[in-house]
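Remarks on the overall topology
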Amino acid sequence: MQAKYRKDYKAPDFTVTDIHLDFQLDPQKTVVTATSQYQRLNPESTKLHLNGHSFQFSSIKLNGQDFNHYQQDKESLVLDLSSVNAEEFSLEIVTNLKPSENTSLQGLYQSGDGLCTQCEAEGFRQITYMLDRPDVLARYTTKITADKLKYPYLLSNGNRIASGELENNKHWVEWNDPFPKPSYLFALVAGDFDLLSDKFITKSGREVNLELYVDKGNLDRADWAMQSLKTSMKWDEERFGLEYDLDIYMIVAVDFFNMGAMENKGLNIFNSKYVLANSQTATDDDYLGIESVIAHEYFHNWTGNRVTCRDWFQLSLKEGLTVFRDQEFSSDVGSRGVNRINNVKFLRTSQFAEDAGPMSHPIRPEKVIEMNNFYTVTVYEKGAEVIRMLHTLLGEEKFQAGMKVYINENDGKAATCDDFVNAMEKASGIDLTQFRRWYSQSGTPKLTITDKYDEKNHIYKLTVSQMTPVTADQMEKVNLHIPLKIALYDDKGITQTLLRDGEQISDVLHITQTEETFEFHNIYTKPIPALLCDFSAPVKLDYEYSTSQLIKLLQFAKNDFVRWDVTQMLFTEELRRNLINYQQNVVLDFSPEILNALSKVLENYQQDPALTALILMLPKETEFAESFKTIDPDGISFVRHFMVQTIADNLKSLLLQIYNGINLDEYRVTQEDIALRSLRNVCLSYLAYTNLGNTLVNKHYSYSNNMTDTLAALNCATKAMLPCRDSLLKDFEEKWQHDGLVMDKWFAIQATRPDEDVLVQVNHLMDHSSFNFNNPNRVRSLIGSFASHNLKAFHNIDGSGYRFLTDILLKLNEKNPQVASRLIEPLIHFSRFSAQRQTLMKRALERISAVENLSKDLFEKIEKALQ
Ligand code: TRP
Ligand code: ZN
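Nothing here was measured: the structure is a model prediction, and the numbers come from that model.

Calculation notes
- Residues numbered from 1 in each chain as written.
- Chains lettered and ligands numbered in written order.
- Predicted model: local features only at pLDDT ≥ 70, side-chain atom pairs only at ≥ 80, totals over all residues.
- Heavy atoms only, no water.
- Helix = DSSP H or I, 4+ residues; strand = E, 2+ residues; numbered from the N terminus.
- Rg over C-alpha atoms; globule rule 2.2 N^0.38 Å.
- Buried < 20%, exposed > 50% of the residue type's maximum accessible area, 1.4 Å probe, protein only.
- Pairing = 2+ DSSP bridges.
- Axes fitted to C-alpha atoms, helices over the stretch in contact; angles between N-to-C directions.
- UniProt positions renumbered as here; feature names shortened; annotations may be inferred.
- Donors = N, O, S within 2.8 Å, 3.2 Å for Na, K, Ca; no water.
- Expected span 1.5 Å × (residues − 1).
- Contact = heavy atoms within 4.5 Å.
- Near = heavy atom within 4 Å.
- Polar contact = N/O pair within 3.5 Å; in protein donor to acceptor, adjacent residues only side chain to side chain.
- Areas by Shrake-Rupley, 256 points an atom, 1.4 Å probe, with all protein chains shown as cover.
- Nonpolar A, V, L, I, M, F, W, Y, C, P; charged D, E, K, R; others polar.
- Arc of directions from axis to C-beta.
- Patch = residues over 30% accessible without salt bridge, like charges linked within 9 Å, V, L, I, M, F, W, Y side chains within 5 Å.
- Salt bridge = Lys/Arg side-chain N within 4 Å of Asp/Glu carboxyl O.
- Lys, Arg positive; Asp, Glu negative; His and termini not counted.
- Charge placed at Lys NZ, Arg CZ, Asp CG, Glu CD.
- Core = buried A, V, L, I, M, F, W, Y, C linked by side-chain atoms within 4.5 Å.
- Parallel < 35°, antiparallel > 145°, perpendicular 65-115°, else oblique.
- Left-handed = near helix turned anticlockwise from the far one by under 90°.
- Phe/Tyr/Trp six-rings, centres within 6.5 Å; stacked < 30°, edge-to-face > 60°.
- Lys NZ or Arg CZ within 6 Å of the ring centre and 35° of its normal.

**A word on the overall build of the protein chain**
- A count of helices and strands for the protein chain gives 26 helices and 33 strands.
- For a compact globule of 867 residues, the expected C-alpha radius of gyration is about 29 Å, and the protein chain comes in at 28 Å, within 12% of that figure.
- Seen through its C-alpha atoms, the protein chain measures out along the principal axes to roughly 90 × 65 × 60 Å.
- The buried share of the protein chain, taken over its 867 residues, is 61%.

**A look at the sheet that holds strand β27 (residues 482–489)**
- In spatial order, the strands read β30-β27-β32; together these three strands make up an open sheet with antiparallel pairing. Strands with a single pairing partner mark the edges of an open sheet, and in this sheet they are β30 (508–511) and β32 (528–531). Adjacent strand axes in the sheet meet at a mean angle of 35°, parallel and antiparallel pairs treated alike.

**Brief notes about the UniProt feature "domain: Aminopeptidase N-like N-terminal" (unreviewed entry) in the protein chain**
- According to UniProt, the "domain: Aminopeptidase N-like N-terminal" (unreviewed entry) feature falls on residues 21–185.
- Across residues 21–185, helical content stands at 0% and strand content at 54%; the span's end C-alpha atoms are separated by 14 Å.

**Quick word on the coordination of the zinc ion (ligand 2)**
- In the first shell of the zinc ion (ligand 2), the protein supplies His296 (NE2), His300 (NE2), Glu319 (OE) and Glu319 (OE), at 1.9 to 2.8 Å from the metal.
- Look at where the donors of the zinc ion (ligand 2) fall in the sequence and you get H-x3-H-x18-E.
- You can call histidine 300 buried: its relative accessible area is 0%.

**Section: helix α10 (residues 592–603)**
- Its 12 residues give α10 an end-to-end C-alpha distance of 16 Å, which sits within 8% of 16 Å, the value for a rise of 1.5 Å per residue.
- Along α10, the residues that are buried comprise Ile594, Leu595, Ala597, Leu598, Ser599, Val601 and Leu602.
- On its buried side, α10 packs onto α8 (547–556), α9 (560–583), α11 (609–616), α13 (633–661) and α14 (671–687).

**Quick word on the site of ligand 1**
- The environment of ligand 1 is made up of 15 residues, and the closest members are Glu120, Glu263, Glu297, Glu319 and Tyr380.
- A distance of 2.6 Å is found between a nitrogen atom of ligand 1 and a side-chain nitrogen or oxygen belonging to glutamate 120.
- Take glutamate 263: an N or O atom from its side chain is 2.7 Å from a nitrogen atom of ligand 1.
- Relative to its unbound accessible surface of 360 Å², ligand 1 loses 97% to contact with the protein.
- Looking at the shell around ligand 1, the elements with two or more residues in it are β20 (261–262), α2 (284–299) and α3 (315–333).
- Here the residues of the shell around ligand 1 sort into six nonpolar, four polar and five charged.

**Some details on the sheet that holds strand β4 (residues 47–51)**
- The strand order across the open sheet formed by three strands is β4-β8-β7, and the pairing between neighbours is antiparallel. In this open sheet, the two edge strands, each paired with only one partner strand, are β4 and β7 (70–72). Each strand of the sheet is rotated relative to its neighbour by a mean of 15°, with strand direction disregarded.
- Note that β4 and strand β8 (residues 76–80) share five bridges and pair antiparallel. By the bridge assignment for β8, asparagine 51 is matched with serine 76.

**Some points on helix α25 (residues 835–849)**
- In this model, α25 (15 residues) spans 21 Å end to end at C-alpha, consistent with the 21 Å of a helix rising 1.5 Å per residue.
- Buried within α25 are the following residues: Arg837, Gln838, Met841, Ala844, Leu845 and Ile848. Seen along its axis, α25 keeps its buried residues to an arc of 125°; they face one direction. Away from its buried face, by an angle of more than 90 degrees, α25 presents the exposed residues Ala835, Gln836 and Arg843.
- Looking at the packing, one finds that the buried side of α25 touches α13, α22 (800–815), α24 (825–828) and α26 (856–866).

**Comments concerning a negative patch on the surface**
- A grouping of Asp113, Asp192, Asp215 and Asp255 is seen on the molecular surface, where their side chains present a negatively charged patch.
- Following the sequence through the fold, aspartate 215 ends up in the loop between β18 (207–214) and α1 (223–240).

**Concerning the UniProt feature "domain: Peptidase M1 alanyl aminopeptidase Ig-like fold" (unreviewed entry) in the protein chain**
- UniProt's feature table lists "domain: Peptidase M1 alanyl aminopeptidase Ig-like fold" (unreviewed entry) at residues 443–544, given in the numbering used throughout.
- The span residues 443–544 carries 0% helix and 46% strand; its end-to-end C-alpha distance comes to 23 Å.

**What about the nonpolar core?**
- Ranked by internal contacts, the top residues of the largest apolar core, which has 286 residues, are Phe420, Ile783 and Leu827.
- Here this core gets 14 residues from one element, more than from any other, and that element is helix α5 (residues 377–410).
- Setting aside residues up to four positions removed in sequence, phenylalanine 420 forms contacts with Leu317, Leu321, Ile387, Leu390, Phe399, Met403, Tyr406 and Tyr439.

**Here we look at the packing of helix α16 (residues 707–719) against helix α17 (residues 725–736)**
- Axis separation between α16 and α17 bottoms out at 9 Å; the angle between their running directions is 140°. When the interaxial angle is binned, α16 and α17 end up oblique. Viewed along their axes, α16 and α17 form a crossing whose handedness is left-handed. From α16, Met707, Thr710, Leu714, Ala717 and Thr718 reach across to α17, where they touch Arg725, Leu728, Leu729, Phe732 and Trp736.
- Of the residues in the contact of α16 with α17, the class split is seven nonpolar, two polar and one charged.

**Notes on unusual backbone geometry**
- Between glutamate 120 and the following residue, alanine 121, the backbone shows a cis peptide bond with an omega angle of -5°.
- With respect to the helices and strands, alanine 121 occurs in the loop between β11 (114–118) and β12 (138–147).
- Located in the positive-phi region is asparagine 522, a residue other than glycine, with phi close to 55°.
- On the secondary structure map, asparagine 522 appears in the loop between β31 (515–520) and β32.
- Of note in this structure, leucine 532 is not a glycine but carries a positive phi near 60°.

**A closer look at the pairing of strand β10 (residues 107–111)**
- Most of β10 is tucked away, with four of its five residues classed as buried.
- Where β10 meets β11, five bridges bridge the pair, whose relative direction is antiparallel. Note on β11: the bridge partner recorded for leucine 108 is threonine 117.
- In sequence, β10 turns back onto β11 through a hairpin of two residues, with glycine 112 there showing a positive phi of about 60°.

**Here's the deal with the environment of leucine 196**
- Summarising the element assignment, leucine 196 is placed in strand β17 (residues 194–201).
- Taking relative accessible area as the criterion, leucine 196 reaches 18% and is therefore assigned buried.
- Along the chain, leucine 196 and leucine 219 lie 23 residues apart, while their C-alpha atoms are 7.0 Å from each other.

**Some remarks on the packing of aromatic side chains**
- By the definition in use, this model includes 35 aromatic pairs.
- Their ring planes at 75° and their centres at 6.3 Å tell us that phenylalanine 14 and phenylalanine 89 sit as a pair that is edge-to-face. Of this pair, phenylalanine 14 sits in strand β2 (residues 14–24) while phenylalanine 89 sits in strand β9 (residues 88–97), and the two are 75 residues apart along the sequence. Across the pair, phenylalanine 89 and phenylalanine 14 agree in class, each one buried.
- Measuring from ring centre to ring centre gives 6.0 Å for tyrosine 298 and phenylalanine 299, while their planes differ by 65°; the resulting arrangement is edge-to-face.
- On the basis of relative accessible area, phenylalanine 299 is assigned to the buried category, the value being 0%.
- The structure contains a cluster of three or more aromatic residues connected by ring pairs, namely Trp235, Phe240, Tyr244, Tyr249, Tyr298, Phe299 and Phe329.
- It is arginine 325 that lies over the ring of phenylalanine 240; its NZ or CZ is 4.7 Å from the centre.
- Taking the ring centre of phenylalanine 773 as reference, the NZ or CZ of lysine 811 above it sits at 4.2 Å.

The following block contains the structure:
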């Protein structure tokens with residue numbers, strides 16, 4: 001299969017200035033007539049290469065005349081224009097589609113009773129032949145005709161300009177989007193919905209109609225999304241000075257969707273998981289997830305749509321920047337510390353693993369076979385970290401000045417990552433030459449830090465060396481420009497001023513060399529360094545902290561992230577030590593100092609309940625696994641369980657006291673209440689392992705008036721295998737079986753049960769009436785949870801977990817390759833498992849690679865993994 005390389009980018013020979021689309025919609029047979037105005041940009045060029053999907057098309061007309069000089073193959077239509085002299089011409093192409101049979105959920109497809117599109121990255125070519133690349137920007141008008149009863153709402157990008165009634169119960173609506181856009185931002189939706197309408201007045205006084213479309217009967221779950229949209233619009237005006245540009249902004253929630261949501265101009269389409277919420281169906285995390293995805297898609301209107309990407313290798317230009325923006329939004333409207341910790345947790349587990357695995361790539365990839373495979377944690381989350389480092393290096397003011405330059409210079413254009421960095425450099429005057437390497441180098445850099453205290457001269461020295469290990473895609477590594485934010489504390493927790501030769505120096509050290517030493521003067525006792533405060537760079541840190549230093553930082557560090565991070569180090573060290581005990585059949589033990597430190601944190605929980613909860617949360621098995629060269633699934637699972645049990649036994653009375661002391665009667669989605677609920681539920685997650693467990697969890701479940709607490713109880717009961725477990729699971733199932741989104745939570749719990757026979761259960765559940773193999777949310781919650789979050793069962797040494805996933809992937813390869821390609825991830829990360837497991841995993845991959853019709857999506861990953 002053909003790979004594309006970033007270095008091969010060539011500007012297009014032709015472009016489309018205007019396109020008129022006519023859709024005669026029907027799930028069995030949709031007829032699309034595309035009439036496009038083409039312009040020849042390269043006078044030499046006589047061949048027009050259009051992207052498409054071997055359509056059965058009835059005709060091609062060039063300037064209104066039948067045109068026959070073309071060749072068609074599986075992925076393209078090549079028109080021979082040697083006899084056409086005009087520099088501008090129109091093309092009319094009619095294609096026929098069958099949306100009801102399109103299970104890939106790309107292009108035009110059926111979701112429930114409605115019809116909708118998904119065009120990013122290269123889905124528009126499944127609708128008609130087109131120059132389907134992001135540097136071809138056209139103005140779109142779209143006329144949709146369909147049955148009036150089945151599809152009362154007919155939506156597309158931009159403004160509604162005309163509509164009418166037809167015979168046979170049909171009607172039509174015509175839309176016009178005044179902003180030129182690439183084909184990937186095109187969208188169409190047809191269906192019957194409930195509509196929540198609202199208004200937003202922009203800072204310049206324009207009125208914008210906000211329309212949120214949800215399935216019939218779901219209006220009572222739409223308010224939070226609407227609220228989040230308005231908060232996002234306001235925030236973007238205040239923090240970035242960016243205002244919405246059309247008179248209407250629509251969001252449609254659909255049940256069948258491959259990812260989270262899509263930023264189509266003026267018409268966002270969302271996975272219903274990221275729209276629908278009320279206290280009975282959604283957890284606090286769901287609420288926060290909705291808020292951030294609504295914000296993310298809204299922010300794309302400027303970073304993605306008004307300024308788009310030149311080619312798909314530049315994807316991080318819009319995604320990294322927009323993730324950074326949505327993270328900042330969540331931090332400004334919620335808790336900055338909590339957001340930072342959760343983002344880092346995700347980055348460290350998923351992105352560090354990606355960089356260490358066969359799919360390693362820089363945030364701006366060099367080589368792609370299937371673009372859908374590059375909507376990755378690297379492009380998104382590491383991409384956002386790179387923007388965050390720029391923000392750290394420049395400061396808010398210069399960063400915003402850079403944003404202004406970037407937007408002004410690139411509005412209405414297709415830009416590159418270099419354009420962005422150039423704008424930042426221009427506005428700030430800061431040299432970003434070395435910093436640019438973050439865009440081209442993959443891998444997680446490691447900072448090794450040693451220190452020395454010169455008692456006589458009161459000088460403290462930090463020696464920092466950097467090294468990026470070789471990755472699957474790149475043998476040679478260079479030094480990066482790494483901002484390292486630090487703080488120094490004395491033994492009592494007093495922050496030491498950072499001085500050199502009497503001058504105060506920045507707490508952000510610029511690491512640029514292989515090794516360098518930084519001096520701090522007037523330090524009168526040997527300090528404890530807090531390193532990588534706020535996680536100022538996406539790197540691994542190697543500094544030999546003693547347990548007592550870590551405990552001190554946990555007690556007095558001013559930085560939320562640092563306090564959480566040192567606890568992670570303490571837990572990881574305990575697990576590592578005990579894993580050796582376990583493997584050598586020696587009794588396990590838990591450091592009493594750490595237990596003591598944890599109880600002090602708990603005693604002071606009122607200072608910051610949210611942070612207390614995060615600190616107390618033991619890393620998941622998969623999070624622990626990330627820090628090992630060779631992963632021992634059974635050992636990690638055993639030792640982690642021992643740690644939970646030990647904390648529960650030792651801190652029982654304190655946990656119970658806090659648990660009982662937190663009373664929240666009415667359910668409110670406020671920062672304060674979310675924090676208290678999460679702390680209370682963390683307490684419960686330990687108490688579940690004590691003799692009080694069954695009673696407490698049972699009560700927690702029956703007194704709960706919201707999904708957060710209900711689910712917490714269900715989780716505790718299942719993980720701790722409490723006697724009440726089966727009856728609670730049954731109760732939940734009976735109550736919610738009609739609701740797929742809620743049942744996803746139940747499926748995920750089932751898939752991660754600690755029981756030996758969990759795989760048998762998972763297999764049974766695939767026949768459950770709430771399960772639907774064609775729905776990506778269901779597949780991810782049942783099968784994805786099993787493969788990615790049930791470390792022990794998936795990696796069962798008998799190979800049953802691998803075989804199970806392989807069977808699923810073979811089915812999904814044809815139905816929905818995009819989902820298959822996400823699901824295969826745990827299988828391609830075999831290099832850190834024992835030889836025996838590796839053999840089994842490779843055999844599974846070989847079995848998949850042998851099938852006919854292997855999708856590009858799976859081919860690319862398997863080929864890299866087996867290389
Ligand atoms: N651009 C979308 C976002 O970041 C994500 C996206 C890319 C997507 N490809 C997709 C969503 C395919 C659904 C299906 O928000
Ligand atoms: Zn995005």
